[in-house]
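# Coordinates in review
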Amino acid sequence: MNLFVSIFFSLFFFLNQGLPELREQYINASKSKESTDVFFNLVSKYNNDNATFLAYKGAAITLKSKFASKSERKELFVQGVTMVEKAIKKEPNNAEVRLIRLSIQENTPKILKYKSNIDEDKKVLIETFDKQSKDLKEYIKKYCKQSTVFTTVETKSILN
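What follows covers the nonpolar core. Grouped together as the largest cluster of nonpolar side chains are 41 residues, with contacts concentrated most on Tyr26, Phe39, Tyr56, Ile104 and Ile140. Elements with a contribution of two residues or more to this core: helix H1 (2-29), helix H2 (33-43), helix H3 (51-67), helix H4 (70-90), helix H5 (95-107), helix H6 (118-128) and helix H7 (134-146). In terms of residue count, H3 provides more of this core than any other element does, nine residues in total. Residues contacting Tyr26, with those up to four places away along its chain left out, are Phe39, Tyr56, Ala59, Leu63, Ile100, Ser103, Ile104 and Tyr139.

In structure tokens, the structure reads:
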């Protein structure tokens, strides 16, 4: 029993301490291949059931596809998106997972046809915003301010 409690608290501590770094690395990851590699290396060894970390790992793989050879792009993108979708299925009301998918869908080219859940994800973010932790609220606000998919009314509902 003590071992279980110890493992649980260690995992809880890691998850809470690791998220701020993951969020910051995710923001920076799209800026360059090197930043993407740093982010990917941070999440690549993740092998757990936590939906948020699974979504970040999927996001890292989709970002790697941006810098991959033509022959690898589609395979990496599909692999990453599959992980993000698995995370959504695990925790459909997880605002951070929804934000990750929204950010991918907003920033992928139309030709990839991965934009069908933007309104659904925005709705979850708006409806669950007040229930989120302070740091996640700030992260969502930061994204919302630079996003082009939120209407003025939606933006106001999050920023106020």
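Once that is clear, we can look at the pattern of salt bridges. Under the counting rule described, the total for this entry stands at 13 salt bridges. A salt bridge links Asp135 to Arg23, with the shortest nitrogen-to-oxygen separation between them at 2.8 Å. Remark: Arg23 occurs in helix H1 and Asp135 occurs in helix H7; sequence separation between them is 112 residues. Taking relative accessible area as the criterion, Asp135 reaches 40% and is therefore assigned partly exposed. For Lys64, the salt bridge identified is with Asp37, shortest N-O distance 3.1 Å.

Rules of the game
Chains are numbered independently. Their residues run from 1 in the order of the written sequence. In view of the model being predicted, local features appear only for residues whose pLDDT reaches at least 70, and side-chain atom pairs are presented and counted only at 80 or more, with totals across whole chains, interfaces and linings using the full set of residues. The basis for every side-chain value is the complete set of heavy atoms in the structure, and neither hydrogens nor water enter the calculation. In plain words, nonpolar cores are sets of buried Ala, Val, Leu, Ile, Met, Phe, Trp, Tyr and Cys residues tied together by side-chain atoms within 4.5 Å. Partly exposed describes any residue whose relative accessible area lies between the buried limit of under 20% and the exposed limit of over 50%, with all areas from a 1.4 Å probe on protein chains only and scaled to the type maximum. Strands are runs of DSSP state E lasting at least 2 residues, helices are runs of H or I lasting at least 4, and numbering of each runs from the N terminus. Contacts are assigned to residue pairs that have any heavy atoms within 4.5 Å of one another. Here, a salt bridge means any Lys or Arg side-chain nitrogen found within 4 Å of an Asp or Glu carboxyl oxygen.

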